[in-house]
Amino acid sequence: MFITNGQMVSMLLAPIIPLIVALGGCALLYHYTNKERTGILNSFGYGLIAFGIQTLVYELVVVLVQKYDWLQNVLLANRVTMLVILPVVYSMLIALCLCWGVGKVNQEKKSLIRSAAMGIGFGMGNVIWNILVPYVSSMYYAARINTGSFVGSDELALSISEIRPLAVMLDSLKSIYLIVIYMALGYVVGRYLNAAKSLLIVFLVQCFLSVTNALVRQYVTSEVAGTVILHSIFIVTALAGGFLIHKWLTKQARG
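Conventions adopted
Residues numbered from 1 in each chain as written. Predicted model: local features only at pLDDT ≥ 70, side-chain atom pairs only at ≥ 80, totals over all residues. Heavy atoms only, no water. 1 Å grid on protein atoms, 1.4 Å probe; cavity = no way out; pocket = protein on both sides within 12 Å on 5 of 7 lines; lining within 4 Å. Points joined across faces, edges and corners; volume = space filled by probe spheres on them. Helix = DSSP H or I, 4+ residues; strand = E, 2+ residues; numbered from the N terminus. Nonpolar A, V, L, I, M, F, W, Y, C, P; charged D, E, K, R; others polar. pLDDT = per-residue confidence, 0-100. Core = buried A, V, L, I, M, F, W, Y, C linked by side-chain atoms within 4.5 Å. Buried < 20%, exposed > 50% of the residue type's maximum accessible area, 1.4 Å probe, protein only. Contact = heavy atoms within 4.5 Å. Expected span 1.5 Å × (residues − 1).

K.L.:
Account for the layout of surface pockets, with residues named and values stated.
P.N.:
As a volume, the largest pocket reaches approximately 880 Å³. In this structure, the largest pocket is lined by 35 residues; those nearest its centre are Tyr-90, Asn-126, Asn-130, Asn-213 and Arg-217. Only α2 (40–67), α4 (79–105), α5 (112–146), α7 (165–192), α8 (195–219) and α9 (222–249) provide two or more residues apiece to the lining of the largest pocket. The greatest single-element share of the lining of the largest pocket, amounting to seven residues, is contributed by α7. Taken together, the residues of the lining of the largest pocket break down into 20 nonpolar, nine polar and six charged.

Structure (structure tokens):
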């Protein structure tokens, strides 16, 4: 068993490319500040914290579901219900934590720039959790496999050897899309600063993505599922990107 250079390179680039996009987004926001002190880095950090809180709470919910048999029986009684409930819970947590983060960076003075930067940080949290952590660990095991020093299960080694570079880069592309989406959502929340409206907008967008992801992966083949999910995220990204470009070109993005 041998892990190819193509597989190794794809696992290396998967987190690096979204990081470059996130840094580029922050640099673009800095350009719009006219060199004023707006706390972009602090806002980016709040985004990371907000995503970390959401991830922690969601993982606790999953553990809770797995711990109690009666709760699993209720959820598993209807497979479609199970596929919808957890994504809805996930979407609500995303909405709550993203709105919390925007609220924190706008405590002293409303700033759409800080709000958008918080959204970029939130998207980067997704990259760290879903791209950086799994693929860096896979690179480590892949290096051990190639040097003959791997100590682990055959299932783990087989799963790493079956990693496809194209699938890895598509995961990276999806994470870039999500950075743009969360950046736009951060901007929207910062613009309105209305708890009910902001929560609803973020929840509906995330719910569309999460429920689509869960249902598609359940009922179609993995190859088709990947294409459908990528297209659905791309549609939302195009809308989010168009919204941001429109606001910046009309000079309404400065806050």
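K.L.:
Quick rundown of the confidence of the model for the protein? Include the residues and the values.
P.N.:
In this model, the protein carries an average pLDDT of 85, and 87% of its residues clear a pLDDT of 70 or more. When mean pLDDT is taken per element in the protein, α5 scores highest with 93 and helix α3 (residues 69–76) scores lowest with 65.

K.L.:
I'd love a proper account of the nonpolar core, names of residues and values included.
P.N.:
Grouped together as the largest cluster of nonpolar side chains are 64 residues, with contacts concentrated most on Leu-29, Leu-98, Ile-120, Phe-122, Ile-181 and Val-202. At the level of secondary structure, the elements contributing two or more residues to this core comprise α1 (5–31), α2, α4, α5, α6 (154–161), α7, α8 and α9. Looking at this core, the element that brings in the most residues is α5, giving 13 residues. Look past the residues within four positions of Val-202 in its chain and what remains in contact with it is Ile-94, Ala-95, Leu-98, Cys-99, Leu-185 and Val-189.

K.L.:
I'd like a rundown of α2, residues and numbers included.
P.N.:
With 28 residues, α2 extends 41 Å between its outermost C-alpha atoms, agreeing within 8% with the 40 Å of an ideal straight helix rising 1.5 Å per residue. Along α2, the residues classified as buried are Ile-40, Ser-43, Phe-44, Gly-47, Ala-50, Phe-51, Gln-54, Thr-55, Tyr-58 and Val-65.

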